[in-house]
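# Coordinate inspection notes
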Amino acid sequence: ISGENNMAHTVVKSPTARVIEQCAQGRRVRNIATLGLTIDTDRSTLVMADVIKAETEIFGVFVAPCNSKVLRIYANGTPFIDMAAGGSVTAKLTKAVIGADNVDLCSTIAIGAATVPTLDTAIDAVLSTTSGALDLLEGQHVYATVVVSNHNCDVAGYVTLCMEWCPNDTP
């Protein structure tokens with residue numbers, strides 16, 4: 001073709017520009033959904049504790065804004081709950097499934113015991129290895145079930161449950 005430059009051109013992008021572009025498209029993004037809880041023996045010492053002795057409570061954690069994948073689930077305590085001998089506090093994240101059994105996203109996390117975990121040291125849950133268990137559909141709910149045994153809390157605590165996720169188009 002006369003008058004046109006038919007040479008091939010190579011587009012060169014800096015690594016920084018590529019990361020910025022991918023972030024703008026929703027890639028390389030790790031989002032964190034969190035749930036903060038207070039746990040105590042009763043609601044008189046820690047006013048309006050979310051969960052108390054001998055209770056099982058269910059809390060909404062997250063509604064998927066798009067098709068997503070769960071990357072990590074963990075808990076942190078400031079402090080974790082120090083329970084009387086034999087006592088325990090556990091948490092587990094589960095996704096709600098319409099028309100089928102709900103699916104646990106992770107193992108049960110021990111967030112309180114007589115031998116309390118180290119202050120401000122996160123505890124990673126073991127993620128489900130079941131095929132498709134960690135995939136979330138747009139609008140799908142994730143909830144946490146927190147169980148406090150029928151034992152007194154020697155020291156009440158504040159626990160944060162965290163779920164890292166990313167949109168499904170992440171490479």
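Below is a short write-up of the structure. Keep in mind it's a predicted model, so treat the numbers as computed, not measured. (Residues numbered from 1 in each chain as written. Predicted model: local features only at pLDDT ≥ 70, side-chain atom pairs only at ≥ 80, totals over all residues. Heavy atoms only, no water.)

### What to know about the overall build of the chain
Where we set the bar: Secondary structure follows DSSP: runs of H or I at least 4 residues long count as helices, runs of E at least 2 residues long count as strands, and numbering of each begins at the N terminus. Every residue pair with non-hydrogen atoms within 4.5 Å of one another is taken to be in contact. Note on areas: Shrake-Rupley, 1.4 Å probe, and residue coverage restricted to the protein chains presented here.
Looking only at helices and strands, the chain has one helix and 13 strands in total. For the chain, the N- to C-terminal ordering of α and β elements is α-β-β-β-β-β-β-β-β-β-β-β-β-β. Long-range pairs, those at least 24 residues apart, make up 77% of the contacts in the chain with a sequence separation of at least 6. A total of about 9600 Å² of accessible surface is found on the chain, and carbon and sulfur atoms cover 55% of it.

### Brief notes about the packing of aromatic side chains
For the record, the criterion: What counts as a ring pair is set by centres within 6.5 Å for rings of Phe, Tyr and Trp (its six-membered ring), and what kind of pair is set by the plane angle: stacked under 30 degrees, edge-to-face over 60, tilted for all other angles. Remark: a charge is flagged as sitting over a ring if the NZ atom of Lys or the CZ atom of Arg is within 6 Å of the ring centre and within 35 degrees of the ring normal.
Enumeration according to the criterion identifies one aromatic pair in this entry. If you follow Arg72 out to its NZ or CZ, it ends over the ring of Tyr74, 4.0 Å from the centre.

### Description of the side chain of Lys95
Cut-off, in case you're wondering: Relative accessibility under 20% of the residue-type maximum defines a buried residue, over 50% an exposed one, and the middle range a partly exposed one, all with a 1.4 Å probe and only protein chains included. Charge convention: Lys and Arg are scored as positive, Asp and Glu as negative, and His as well as the terminal groups of each chain are ignored. A side-chain nitrogen of Lys or Arg and a carboxyl oxygen of Asp or Glu constitute a salt bridge if their distance falls within 4 Å. For the purposes of these results, a polar contact is taken to be a pair of N or O atoms within 3.5 Å, where, inside protein, one atom must be able to donate a hydrogen and its partner to accept one; residues adjacent in sequence count only when each atom of the pair is a side-chain atom.
For Lys95, the position within the fold is in strand E6 (residues 88-95). Despite its burial, Lys95 pairs with no opposite charge, the nearest such side chain being Asp135 at 6.5 Å. Separated by 3.1 Å, the side chain of Lys95 and the backbone oxygen of Ala133 make a polar contact. The residues contacting Lys95, other than those within four sequence positions of it, are Asn102, Val103, Leu105, Gly132, Ala133, Asp135, Leu136, Gln140, His141, Val142 and Tyr143.

### Here we look at the environment of Val159
Within the secondary structure, Val159 sits in strand E13 (residues 157-167). Sequence separation of Val159 and Asp120 is 39 residues, and the distance between their C-alpha atoms is 9.6 Å. The contact partners of Val159, leaving out residues within four places of it in the chain, are Leu35, Gly36, Leu37, Ile39, Ala75, Asn76, Gly77, Phe80, Ile81 and Ile111.

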